[in-house]
Amino acid sequence: MDTVTLTDNRSGKSFDAAIKYPKGGTPAMDIADLHKEFELYSFDPSLGNTVSCESKVTHLNAKEGKLYHRGYPIEELAQEKNYLEVCYLLLTGELPDTQQYGEFDDLIRKRYFLHEKLNRLFSAFPDDSHPMSTLSSAVAALTSFYHNFIEIHGSTDFDVNEYYVMAQRIIGKIPTIAAQAYRQSVGLPSIYPDMDRYFTENFLYMLRAYPNNEPEIKDIEIKALDTIFTLHADHGQNASTTAVRVVCSTGAHPYAAISAGISALWGPKHGGANEAVINQLKAIGSVDNVEKYIRKAKDKNDPFRLMGFGHRVYKNYDPRAKILKKILEEIKTEIEIDNKLLEIAYKIEEIALSDEYFISRNLYPNVDFYSGIILTALKIPLNMFTPIFVIGRSVGWVAQWFELRSEENMKITRPRQLYMGDVNKHL
Ligand code: ACO
């Protein structure tokens, strides 16, 4: 067995940590016995060097900038499969055949609708409330509606069928909740989902429709948004997925865990970046200002960062950003694009990719850099960008939740701390 020998230079005592090899990517040394052997913990704030679980869902090849779901490259899935097929793949490990797909699609359509009492929740939120806030609250509230259907008390012999029903609910209802959250925030009349429409078309319909009015929805718009959902479907142990797993590890209800993931995703360092990118491009305002903002991004004394740039894992071009850049070129022929924003984005990328600061830190465009421009072209309101990320990612969270819950010996996640506060104080 390959090992790494760790030596405590204070005592001279050594301990061999076994090296665990993944099917792809960097191996990890197993330090589960570290405290037992040395009475030491490992210190890794923000967990950048820490492998927290074994997973079979998604693999990121950081060096080469590759992403695989259940072994399939993201480029092939984005090109050949629709979002619901990718959902099925993430949940079950296999792509569906025609019959399996038909049944799955049918079940998801049946789950589009919300309990009428949940519909009333939206009116409790003030005008202008951000749809992310309503979304995380309403998803947490699903716990009250479907409490009886999931074994929530920490047993691993829960009914697998209940898990599939939970997955269908999450996938089917989150777009409806997101659309309702938006409509409520701007005072639009409620629109019920349309079961005759495919998942992504139905979501665009719920955003655009008025009572007795048939909105125009182009096929290329459905394809572009469907690809955005696919590109966001899962991404290993990112911050929001880790939040879902942490909450899951306590044995809490799955909808509560998904709601925690939504909250974690909202931040501008994570899923909130797509909204922040557009705000930033608008603030830059013109290609003539790009150099100035690049200087700001490089200035250590300036908190300004280029939004949509950099990634904790990828040290190469984010493969999802490449696919989105291609989609931008495709949709340009049929839909009006904000060319001013696009020009600024292209200029930023051009300068950053040849600038020593960005090269030496491996800072490349990430998935959020171009997604916002596509969503703007689809006339999606800015505050719906992050909810769209949520819609795509919901299946990944469920798949990861299930993976953790299926572990024989699921343990509560409980890191340690270095206590640096006062000691031995007395009143
Ligand atoms: N603009 C300018 N400089 C940057 C940027 C950026 N966007 N990102 C990182 N850097 C610099 C840092 O200042 C740091 O420089 P230093 O070594 O001189 O101190 C170095 O690159 C490393 O940055 P860290 O913050 O330590 O990298 P980390 O892996 O922790 O952060 C993150 C990754 C959060 C994504 C970061 O790159 C960032 O804030 N990007 C902008 C926000 C964004 O686009 N988020 C979306 C990520 S993708 C997703 O969640 C879907």
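The coordinates are above.
Figured I'd write up the structure that's included with this text. (Residues numbered from 1 in each chain as written. Predicted model: local features only at pLDDT ≥ 70, side-chain atom pairs only at ≥ 80, totals over all residues. Heavy atoms only, no water.)

### Some remarks on the pairing of strand β2 (residues 14-20)
For the record, the criterion: When DSSP finds two or more bridges between two strands, those strands count as paired. For the purposes of this entry, the term helix denotes a DSSP run of H or I that reaches at least four residues, the term strand denotes a run of E that reaches at least two, and both are numbered from the N terminus.
As paired elements, strand β1 (residues 3-7) and β2 share 5 bridges and run antiparallel to each other. Bridging from a neighbouring strand, V4 pairs with A17 of β2. What sits between β1 and β2 in their antiparallel hairpin is a turn of 6 residues, with G12 showing a positive phi close to 80 degrees. Pairing of β2 with strand β3 (residues 28-29) involves 2 bridges; the strand directions are antiparallel. Looking at the pairing, I19 lines up with M29 of β3.

### Digging into the site of the ligand
Applicable threshold: Residues are classed as near a molecule or strand on a simple rule: at least one heavy atom within 4 Å of it. Pairs of N or O atoms within 3.5 Å make up the polar contacts considered here, provided that, within protein, one atom can donate a hydrogen while the other can accept it, and that residues adjacent in sequence are counted only when both atoms are side-chain atoms. Here, Shrake-Rupley sampling with a 1.4 Å probe gives the accessible areas, and only protein chains in the shown set may cover a residue. Here the term charged refers only to Asp, Glu, Lys and Arg, the term nonpolar to Ala, Val, Leu, Ile, Met, Phe, Trp, Tyr, Cys and Pro, and the term polar to all other amino acids, Gly among them.
For the ligand, the set of nearby residues contains 21 residues, the closest of which are H270, R305, L306, G308 and F309. K300 is positioned such that a nitrogen or oxygen atom in its side chain is 2.9 Å from an oxygen atom of the ligand. Here the ligand, which alone exposes 920 Å², has 76% of that area covered by the protein. Looking at the shell around the ligand, its residues break down into 10 nonpolar, 5 polar and 6 charged.

### Here's the deal with the layout of surface pockets
Inclusion rule: Cavities and pockets were defined on a 1 Å grid built over protein atoms only: a cavity is a set of grid points that admits a 1.4 Å probe from which the probe cannot escape, a pocket is an open set flanked by protein on both sides within 12 Å along at least five of seven lines, and lining residues are those with an atom within 4 Å of any such point. Grid points are joined across faces, edges and corners, and a volume is the space filled by probe spheres set on the points.
Here the second largest pocket defines a volume of roughly 290 Å³. In terms of lining residues, the second largest pocket is bounded by 13 residues, among which Q79, I323, K326, I327 and E330 are the most central. Elements with a contribution of two residues or more to the lining of the second largest pocket: α2 (74-80), α9 (219-231) and α14 (319-331). Looking at which element gives the most residues to the lining of the second largest pocket, the answer is α14, with 6 residues. When the residues that make up the lining of the second largest pocket are grouped by side-chain class, the tally is 6 nonpolar, 2 polar and 5 charged.

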